[in-house]
Amino acid sequence: MALGYLDPADDLAAFEGGWYRSGDQVEVHEGRLTVVGRIKEVVNRNGLKISLSEIDTRVTLDDVVARLLAQGMAKRELPEQLVRWDGPLPRTTSGKIVRSRLVMESPTRDGDLARRLRDH
């Protein structure tokens, strides 16, 4: 954890009550923190402010498959569907993802299917 910035004036906005304000939005479930978003759509990287909208890209199933193959995943383990979920995932009150809702709502979401499934 950082103790502070070289310029103490920068500490005023960055720390509150001894805690570093990262800009992340979190939820607490059973004592565990889950990052669910950002307060501002800006990330500070090496002192540079980067707008997240500038770096957002559309991920495709082909991108994911290529990355997994490059990492050594066996072809039989590759995903055959990618669903783009543009909001928070459905969760139980304890914070667990409700997988049955993901399955039910996936057909209404934007996504990609493996070629063998698209052609049938």
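This text goes with the structure placed above it.
Source: prediction; values computed, not measured.

Analysis parameters
Here the residue index of a chain counts from 1 through its sequence in written order. Residue-level local features of this predicted model are given only where pLDDT is at least 70; pairs of side-chain atoms are given and counted only at 80 or more, and the full residue set underlies all totals for whole chains, interfaces and linings. To obtain the side-chain values, all non-hydrogen atoms of the structure were included, while hydrogens and water were left out. Aromatic contacts are taken between Phe, Tyr and Trp rings whose centres are within 6.5 Å, Trp giving its six-membered ring; a plane angle under 30 degrees counts as stacked, one over 60 as edge-to-face, and the others as tilted. Only when the NZ atom of a Lys or the CZ atom of an Arg is both within 6 Å of the ring centre and within 35 degrees of the ring normal do we say a charge sits over the ring. Put simply, DSSP marks the helices as runs of H or I at least four residues long and the strands as runs of E at least two long, and each gets a number from the N terminus on. Only protein chains enter the area calculation, which uses a 1.4 Å probe; residues under 20% of their type maximum are buried, those over 50% are exposed, and those in between are partly exposed. Any carboxyl oxygen of Asp or Glu that lies within 4 Å of a side-chain nitrogen of Lys or Arg is treated as forming a salt bridge with it. Patch membership requires more than 30% relative accessible area and the absence of a salt bridge. Residues of like charge join within 9 Å; the nonpolar side chains Val, Leu, Ile, Met, Phe, Trp and Tyr join within 5 Å. Method for areas: the Shrake-Rupley scheme with a 1.4 Å probe, in which residue coverage is limited to the protein chains shown. In this analysis, strands are considered paired if DSSP registers two or more bridges between them. The definition of a polar contact used here is a pair of N or O atoms within 3.5 Å, where within protein one atom must be able to donate a hydrogen and the other to accept one, and adjacent residues in sequence count solely through side-chain atom pairs. Note on definitions: a residue-residue contact is assigned when non-hydrogen atoms from the two residues lie within 4.5 Å. We call a set of buried residues a nonpolar core when its members are Ala, Val, Leu, Ile, Met, Phe, Trp, Tyr or Cys and they connect through side-chain atoms within 4.5 Å of each other.

Caption draft 1: Representation of the packing of aromatic side chains. This structure, assessed with the given rule, holds one aromatic pair. The side chain of Arg-109 reaches across the aromatic face of Trp-85, ending 3.8 Å from its centre.

Caption draft 2: Broad picture of unusual backbone geometry. The backbone phi angle of Glu-30 is positive, close to 50°, even though this residue is not glycine. Within the element layout of this structure, Glu-30 appears in the loop between strand S3 (24-29) and strand S4 (32-38). Taking relative accessible area as the criterion, Glu-30 reaches 71% and is therefore assigned exposed.

Caption draft 3: A look at the pattern of salt bridges. Within this structure, the stated rule accounts for eight salt bridges. With a closest N to O distance of 2.7 Å, Arg-116 and Glu-80 form a salt bridge. On the criterion of sequence distance, the pair formed by Arg-116 in helix H5 (residues 115-118) and Glu-80 in the loop between helix H3 (61-70) and strand S7 (81-83) is long-range, its members being 36 residues apart. Given a relative accessible area of 34%, Glu-80 falls into the partly exposed group. The salt bridge partner of Asp-112 is Arg-84, with a shortest N-O separation of 2.9 Å.

Caption draft 4: Structural detail: a nonpolar patch on the surface. A cluster of nonpolar residues, Val-26, Val-28, Leu-33 and Val-35, forms a patch on the protein surface that exposes about 390 Å² of accessible area. Secondary-structure elements contributing two or more residues to the nonpolar patch are S3 and S4. Residue class for Val-28 comes out exposed when judged on its relative accessible area of 58%.

Caption draft 5: How the structure looks around the pairing of S4. Bridging between S3 and S4 involves six bridges; their strand directions are antiparallel. Across the sheet, the residue bridging to Asp-24 is Arg-38, located in S4. Turn length for the S3-S4 hairpin, with the two strands adjacent in sequence and antiparallel, is two residues, and the turn residue Glu-30 shows positive phi of about 50°.

Caption draft 6: Looking closely at the side chain of Arg-84. Along the chain, the position of Arg-84 falls in the loop between S7 and helix H4 (99-105). A distance of 2.8 Å separates a polar atom in the side chain of Arg-84 from the backbone oxygen of Val-59. Polar contacts involving the side chain of Arg-84 include one to the side chain of Asp-112, which spans 2.9 Å. Setting aside chain neighbours within four positions, we find Arg-84 in contact with Arg-58, Val-59, Thr-60, Arg-109, Asp-110, Gly-111 and Asp-112.

Caption draft 7: Spotlight on the nonpolar core. Residues Leu-61, Val-65, Leu-78, Leu-82 and Ala-114 constitute the largest nonpolar core, which totals five residues. Beyond its immediate sequence surroundings of up to four residues, Leu-82 is in contact with Val-59, Thr-60, Leu-61, Val-64, Asp-110, Gly-111 and Asp-112.

Caption draft 8: Seen up close, the environment of Gly-95. Along the chain, the position of Gly-95 falls in the loop between S7 and H4. Through-space distance from the C-alpha of Gly-95 to that of Ser-53 is 27 Å; in sequence the pair is 42 residues apart.

No statement about biological role is implied by the geometric values presented.
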